[in-house]
Amino acid sequence: MDIFKNPRLAGAIVASGNELSELITDLAELRDAHTIVEFGPGTGVFTRAALKKMRPDAFYLALENDPAHLPKLRAAFPTVHIHEDAAASIGARLHEHGKTSCDRIISGLPWAVFNERIQRETLDAAYRALRPGGIFVTFAYIHSPVLPAGKRFRKLLEETFGSVQRSRIVWKNLPPAFVYICRK
């Protein structure tokens, strides 16, 4: 993918850093999860951290919309069920694998570049796919809460999930970021 040719496909020029990857996967409480879904694994930074922390018997499904990432993801993570598909298809993809719900969703999606309809459809699909008590984690850049798209996204999170919390800021990330922790 050349983000300079199509910048709306990516949320950042630089992949998320290790500190953000560690934080988002810690906050997802993966040790308790049997079924984990990742939205937009991209280069696999969150995937790599998640695989180290999850139960050995857990099922891991990843939905990546950019076909340029698929060969590297599949080569690097042969135990992950990787599909070229939009995150909003989570229910159908879980069903294909005999699952009715998931325990955790880790999202690396660039929410700020999506319009409200896509944000809402994706969050609604995530909520429906999560079992009661399930956790959805995603990140935003430090400047996001002051921008219209960031404000809209926070409002949608609060309308969708019963509980929405925000982590500390990861200053070493480029740009600095924080994690939203949402519980069903």
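In case you missed it, the structure is sitting above this.
1. Notes on the overall build of the chain
Thinking step 1. Looking only at helices and strands, the chain has six helices and seven strands in total.
Thinking step 2. Traced from its N-terminal end to its C-terminal end, the chain shows the element sequence α-β-α-β-α-β-α-β-α-β-α-β-β.
Thinking step 3. Across its three principal directions, the C-alpha atoms of the chain cover 40 × 35 × 30 Å.
Thinking step 4. The buried share of the chain, taken over its 184 residues, is 49%.

2. Considering the environment of lysine 52
Thinking step 1. Secondary-structure assignment places lysine 52 in helix H2 (residues 45–53).
Thinking step 2. Separated by 97 residues in the primary sequence, lysine 52 and alanine 149 place their C-alpha atoms 33 Å from one another.

3. Focus on the sheet that holds strand E6 (residues 163–166)
Thinking step 1. Taken in spatial order, the seven strands of this open sheet run E3-E2-E1-E4-E5-E7-E6, and their pairing is mixed. Taken across any chain shown, the strands that pair with only one partner, and hence form the sheet edges, are strand E3 (81–84) and E6. Between one strand axis and the next, the sheet turns through 15° on average, direction left out of account.
Thinking step 2. Two elements, strand E2 (residues 59–64) and E3, share four bridges in a ladder whose sense is parallel.

4. Structural notes on the packing of aromatic side chains
Two aromatic rings are characterised by how far apart their centres lie and by the angle between their planes.
Thinking step 1. Scanning the model with the defined rule gives 10 aromatic pairs in all.
Thinking step 2. When the centroid spacing of 5.4 Å and the interplanar angle of 80° are considered together, the rings of phenylalanine 139 and tyrosine 141 count as edge-to-face. Exposure class is identical for phenylalanine 139 and tyrosine 141. Each is buried.
Thinking step 3. Here a set of aromatic residues connected by ring pairs shows up, and it is made of Phe39, Trp111, Phe114, Tyr127, Phe136, Phe153, Phe161, Phe178 and Tyr180.
Thinking step 4. Positioned above the aromatic ring of phenylalanine 59, the side-chain terminus of lysine 99 is 5.0 Å from the ring centre.
Thinking step 5. Across from the ring centre of tyrosine 127, 4.6 Å away, lies the NZ or CZ of lysine 184, which sits over that ring.

5. Examining helix H6 (residues 148–160)
Since the α-helix turns once every 3.6 residues, residues separated by three or four places project in the same direction.
Thinking step 1. Taking 1.5 Å as the rise per residue, H6 with 13 residues should run 18 Å; its terminal C-alpha atoms sit 18 Å apart, in good agreement.
Thinking step 2. Those residues of H6 that sit buried are Ala149, Gly150, Phe153, Leu156, Leu157 and Thr160. Down the axis of H6, the buried side of the element spans an arc of 120°, and every buried residue falls inside it. Looking at H6, the residues exposed on the side facing more than 90 degrees away from the buried face are Pro148, Lys151 and Lys155.
Thinking step 3. For H6, the secondary structure elements touched by its buried residues are helix H5 (116–129), strand E5 (130–141), E6 and strand E7 (177–183).

6. Structural notes on unusual backbone geometry
Note on backbone geometry: most residues besides glycine have negative phi, and most peptide bonds are trans.
Thinking step 1. The omega torsion across leucine 174 and proline 175 is -10°, close enough to zero to call that bond cis.
Thinking step 2. Position of proline 175 relative to the elements: it lies in the loop between E6 and E7.
Thinking step 3. One non-glycine residue, glutamate 29, adopts positive backbone phi at about 50°.
Thinking step 4. Accessibility expressed as a relative area gives 31% for glutamate 29, which makes it partly exposed.

So, how was this worked out
- Residues numbered from 1 in each chain as written.
- Predicted model: local features only at pLDDT ≥ 70, side-chain atom pairs only at ≥ 80, totals over all residues.
- Heavy atoms only, no water.
- Helix = DSSP H or I, 4+ residues; strand = E, 2+ residues; numbered from the N terminus.
- Buried < 20%, exposed > 50% of the residue type's maximum accessible area, 1.4 Å probe, protein only.
- Pairing = 2+ DSSP bridges.
- Axes fitted to C-alpha atoms, helices over the stretch in contact; angles between N-to-C directions.
- Phe/Tyr/Trp six-rings, centres within 6.5 Å; stacked < 30°, edge-to-face > 60°.
- Lys NZ or Arg CZ within 6 Å of the ring centre and 35° of its normal.
- Expected span 1.5 Å × (residues − 1).
- Arc of directions from axis to C-beta.
- Contact = heavy atoms within 4.5 Å.

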